[in-house]
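Observations on the model geometry
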Amino acid sequence: MQDIVGVVPWSMLNTDAPWDAFDPHAYIDHNYRYLLDADAEIIRRVGRHFSDQFRGNFERPVLGIDVGAGANLYPALSMLPWCSEITLLERSPQNVTYLEGQRPHFDPEWDRFWELLCEDEGTEYSRLDADRLERFSRTVRVEEGDLFGLARPNLLGRWQMGTMFFVAESLSSSHEEFRHAVECFMHVLAPGAPFAAAFMEGSKGYSVGDRFFPACDVNELQVDEILEPLTEKLEYSSLGEVRPGHTGIILALGCRNSDPGTPVVPRDTRERLNLASRYRL
């Protein structure tokens, strides 16, 4: 993300951001045309996390979801060996078009990200290497939709693994919407589901092409306050600043807990967000 430097951020809710004008090609050119050290480290850690969780405990393919997929394929690639279906949930129409265009045969630039997952010999990634394109085309399903729509009761615990990369803190300047977004992601994960979530720490907003998008300034303590009650085996990794405009990257790896008494997407949070969206507070 191309973060804004030296600009005082204004309040912008998710409904106010120009998602219809999000340019996936400008986003890729700025963020993923070249492999950054931070992304390489994230991919390695996520790949090992998923491999560890499924090692000796993989009986049948599972359902995976990448929430707020955007123009980024490496979260889906990290889930590919274990899934019969991966849902790429995305709000921006232009990002949806980009993702659909990657399904028949994803662009060669994503191979360098896949190669990092295959570094350790004998893993499910390396065993799938020759068939990765066919598996991706057969497994991935692109769905246009709002992350906040995941709060529906019929979606509770639907997916057995999931990813959410640079989404919850990058859709609004509101801390309540940030919390709600994280809770919606956790809401759809089944008990025991391994997940990976990444957050820009201290971001004040970012540009994609000539458009500005909001961000919520969050830190590891705020992320942990939301995730810890919903998670077991939770681990954090902190990576330094990638570009000016944020203070670092927070990578959270864990598994959804199985405590039915743990609230997700509480009613009062939903009501406050509905009022904020209606009156543009």
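Structure: above.
For the structure given in this document, a descriptive report is provided here. (Residues numbered from 1 in each chain as written. Predicted model: local features only at pLDDT ≥ 70, side-chain atom pairs only at ≥ 80, totals over all residues. Heavy atoms only, no water.)

Helix packing geometry: the angle between the two helix axes and the distance between the axes. Where helix α1 (residues 24-31) contacts helix α4 (residues 93-102), the two axes come as close as 9 Å, and the packing angle between them is 70 degrees. Here α4 runs roughly perpendicular to α1, going by the angle between their axes. Counting all contacts with α1, which are made through P24, H25 and I28, the residues of α4 involved are Q94, N95 and Y98. Among the residues forming the contact of α1 with α4, the class breakdown is 3 nonpolar, 3 polar and no charged. (Axes fitted to C-alpha atoms, helices over the stretch in contact; angles between N-to-C directions. Helix = DSSP H or I, 4+ residues; strand = E, 2+ residues; numbered from the N terminus. Parallel < 35°, antiparallel > 145°, perpendicular 65-115°, else oblique. Contact = heavy atoms within 4.5 Å. Nonpolar A, V, L, I, M, F, W, Y, C, P; charged D, E, K, R; others polar.)

Viewed as axis vectors pointing N to C, helix α8 (residues 175-187) and helix α9 (residues 220-227) meet at an angle of 45 degrees, and their least axial separation amounts to 10 Å. Compared by their axis directions, α8 and α9 come out oblique. As α8 packs across α9, the resulting crossing turns out to be right-handed. Where α8 abuts α9, its residues H175, F178, R179, V182, E183 and M186 lie against Q222, V223, E225, I226 and L227. A breakdown of the residues in the contact of α8 with α9 according to their chemical character gives 6 nonpolar, 2 polar and 3 charged. (Left-handed = near helix turned anticlockwise from the far one by under 90°.)

A few words now on α1. Because each turn of an α-helix spans 3.6 residues, side chains separated by three or four positions end up pointing in the same direction. Considered for burial, the residues of α1 that qualify are P24, Y27, I28 and N31. Seen along its axis, α1 keeps its buried residues to an arc of 95 degrees; they face one direction. In this structure, the buried residues of α1 make contact with α2 (37-54), α4 and β7 (206-208). (Buried < 20%, exposed > 50% of the residue type's maximum accessible area, 1.4 Å probe, protein only. Arc of directions from axis to C-beta.)

The 7 strands lie next to each other as β4-β3-β2-β5-β6-β10-β9, forming an open sheet whose pairing is mixed. Pairing within the sheet leaves two strands with one partner each, and these edge strands are β4 (140-144) and β9 (231-239). Going across the sheet, the axis of each strand differs from the next one's by a mean of 15 degrees, ignoring polarity. By the bridge criterion, 3 bridges tie strand β2 (residues 62-67) to strand β5 (residues 161-165) in an arrangement that is parallel. Each residue of the ladder has a partner; that of D66, found in β5, is T163. The sheet strands contacting α2 are β2, β5, β6 (194-201), β9 and β10 (248-256), and the helix crosses β10 at an angle near 10 degrees. The strands touched by α4 within the sheet are β3 (83-90) and β4, with β4 carrying the most contacts at an inclination of about 165 degrees. (Pairing = 2+ DSSP bridges.)

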